[in-house]
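An overview of the molecular structure
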Amino acid sequence: LVLPGDKLEPGNIIEFNSLMISAQVQEWGGEPIRHPIVKDNLDDIKKATSKALDCSDLVVLNAGSSAGSEDYTAQVVSVIGELLVHGIAVRPGHPVVLGISNNKPIIGAPGYPVSCVLTMDIIAKPLISRLLGIAPTSRPTLTASISRKVLSPIGEDEFLRVKVGKVGDKLIATPLTR
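1. Some words on the pairing of strand β4 (residues 97-101)
Here β4 lies mainly inside the structure; four of its five residues are buried. Pairing of strand β2 (residues 82-86) with β4, which is carried by four bridges, proceeds in the antiparallel orientation. Pairing of L83 across the sheet is with G99, part of β4. Examined bridge by bridge, β4 and strand β5 (residues 104-109) share five bridges and lie antiparallel to one another.

Listed below in structure tokens is the structure:
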């Protein structure tokens with residue numbers, strides 16, 4: 001991972017999830033603190049997470065929540081605190097990690113940007129509202145007919161990105177590519 005504006009080399013990925021997370025937290029009334037990128041090293045992630053817990057009411061670990069060989073979020077949470085959940089029945093966002101350490105919540109958000117934003121919206125937003133002592137706001141909704149059949153896994157809530165348009169007097173939602 002490299003910061004926006006850094007020189008790119010083959011294999012680099014621009015880290016912008018923390019910018020999105022920070023903007024969401026700020027929009028919801030919180031004061032985000034972004035910390036430096038930490039390489040995929042268990043001890044380094046443990047130290048950085050412990051340091052973040054010292055100065056925050058909630059810690060969000062960006063990426064590393066899946067089950068790959070260098071996805072350490074669940075392991076870090078279980079070592080420095082209590083791992084409560086690893087994986088939820090929501091798509092996108094399935095590999096979420098939820099835990100607690102020093103009476104402070106830890107969220108392991110997936111690295112895939114759409115999953116990350118959704119995780120923050122459905123899990124972090126209500127939590128931040130509760131920490132701030134305010135009622136969470138909800139997104140505006142509308143009712144539309146879906147333009148084509150969508151097959152989703154049984155037992156999971158799937159959030160679809162759609163394009164909405166009006167055909168005659170009907171609202172039609174056309175699913176975007178997953």
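Alright, that's what it looks like, and here's the rest.
2. With respect to the environment of S78
Tracing the backbone through its elements, the reader meets S78 in helix α3 (residues 73-80). Sequence spacing of S78 and R91 is 13 residues, and the spatial spacing of their C-alpha atoms is 24 Å. Among the polar contacts listed, one links the side chain of S78 to the backbone oxygen of Q75, at a separation of 2.9 Å.

3. Considerations on helix α2 (residues 42-54)
Taking 1.5 Å of rise per residue, the 13 residues of α2 would be expected to cover 18 Å, and the 19 Å separating its terminal C-alpha atoms lies within 8% of that figure. Those residues of α2 that fall on the buried side of the exposure criterion are I45, T49, A52 and L53. Around the axis of α2, the buried residues are gathered within 100° of arc, so they sit on the same side. Seen from the buried face of α2, the exposed residues on the opposite side, beyond 90 degrees, are K47, K51 and D54. Where α2 is buried, its residues contact β1 (59-62), α3, β4 and β5.

4. Remarks on the nonpolar core
Within soluble globular proteins, side chains that are nonpolar tend to cluster in buried spots. Ranked by size, the top nonpolar core spans 16 residues in total, and within it I107, M120, I123, A124 and I128 carry the most contacts. For this core, the secondary-structure elements that each account for two or more residues are α1 (17-27), β5 and α4 (113-132). Examining the composition of this core, we find that six residues originate from one element, α4, more than from any other. Residues within four places of I128 in sequence aside, it is in contact with V25, W28 and L58. Within the second largest apolar cluster, eight residues are counted, among which are L61, V77, V97 and I106.

5. With respect to the layout of surface pockets
Considered as a void within the structure, the largest pocket measures approximately 1400 Å³ in volume. If you trace the largest pocket, you find 46 residues lining it, with S18, I21, V60, L61 and N62 closest to the centre. Of all the secondary-structure elements, those providing two or more residues to the lining of the largest pocket are α1, α2, β1 and α4. Looking at the lining of the largest pocket, the element that brings in the most residues is α1, giving five residues. The residue inventory of the lining of the largest pocket, partitioned by class, reads 26 nonpolar, 12 polar and eight charged.

What counts and what doesn't
Residues numbered from 1 in each chain as written. Predicted model: local features only at pLDDT ≥ 70, side-chain atom pairs only at ≥ 80, totals over all residues. Heavy atoms only, no water. Buried < 20%, exposed > 50% of the residue type's maximum accessible area, 1.4 Å probe, protein only. Helix = DSSP H or I, 4+ residues; strand = E, 2+ residues; numbered from the N terminus. Pairing = 2+ DSSP bridges. Polar contact = N/O pair within 3.5 Å; in protein donor to acceptor, adjacent residues only side chain to side chain. Expected span 1.5 Å × (residues − 1). Arc of directions from axis to C-beta. Contact = heavy atoms within 4.5 Å. Core = buried A, V, L, I, M, F, W, Y, C linked by side-chain atoms within 4.5 Å. 1 Å grid on protein atoms, 1.4 Å probe; cavity = no way out; pocket = protein on both sides within 12 Å on 5 of 7 lines; lining within 4 Å. Points joined across faces, edges and corners; volume = space filled by probe spheres on them. Nonpolar A, V, L, I, M, F, W, Y, C, P; charged D, E, K, R; others polar.

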